[in-house]
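Now for the letters of each chain:
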Amino acid sequence: MCTVRAIATITTADRRGRTLQAFRANATREALLEWARVIPNPTPKQLREQMFGSAWWNPAVPTDRLR
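To start, this report covers the structure provided alongside it. (Residues numbered from 1 in each chain as written. Predicted model: local features only at pLDDT ≥ 70, side-chain atom pairs only at ≥ 80, totals over all residues. Heavy atoms only, no water.)

## Considering the nonpolar core
Of all hydrophobic cores here, the largest spans eight residues; its members are F23, A25, A27, W35, M51, F52, A55 and W57. Sorting elements by how many residues they give to this core places strand β2 (residues 17–27) first, with three residues. Apart from residues no more than four positions distant in its own chain, A25 is found in contact with C2, T3, V4, F52 and A55. (Core = buried A, V, L, I, M, F, W, Y, C linked by side-chain atoms within 4.5 Å. Buried < 20%, exposed > 50% of the residue type's maximum accessible area, 1.4 Å probe, protein only. Helix = DSSP H or I, 4+ residues; strand = E, 2+ residues; numbered from the N terminus. Contact = heavy atoms within 4.5 Å.)

## Observations regarding unusual backbone geometry
A positive phi angle, near 65°, is found at R15, a position not held by glycine. Here R15 falls in the exposed class, since its relative accessible area comes to 73%.

## Overview of the sheet that holds strand β3 (residues 56–57)
Read from one edge of the open sheet, three strands run β1-β2-β3, paired in antiparallel fashion. The outermost strands of the open sheet, each flanked by one partner alone, are β1 (2–11) and β3. In this sheet, β2 lies alongside β1 in antiparallel orientation, the contact comprising 10 bridges. Each residue of the ladder has a partner; that of T3, found in β2, is N26. (Pairing = 2+ DSSP bridges.)

Everything listed here is a matter of coordinates, which is why it stays silent on function.
Encoded structure:
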């Protein structure tokens with residue numbers, strides 16, 4: 001089992017950049033390799049919605065701006 005984490009930098013109301021953990025998900029190495037075999041060049045949207053759709057997403061990170 002491995003934990004996959006992604007970070008994102010957001011701009012706060014006072015125009016400062018803040019780096020947050022965007023999501024955290026657990027997966028097996030086999031699952032990640034199989035997914036990479038089926039979709040070898042996924043788009044960020046495919047990663048977000050298909051591979052990591054059930055991951056914990058930080059509500060402070062606006063997912064509509066992740067590309």
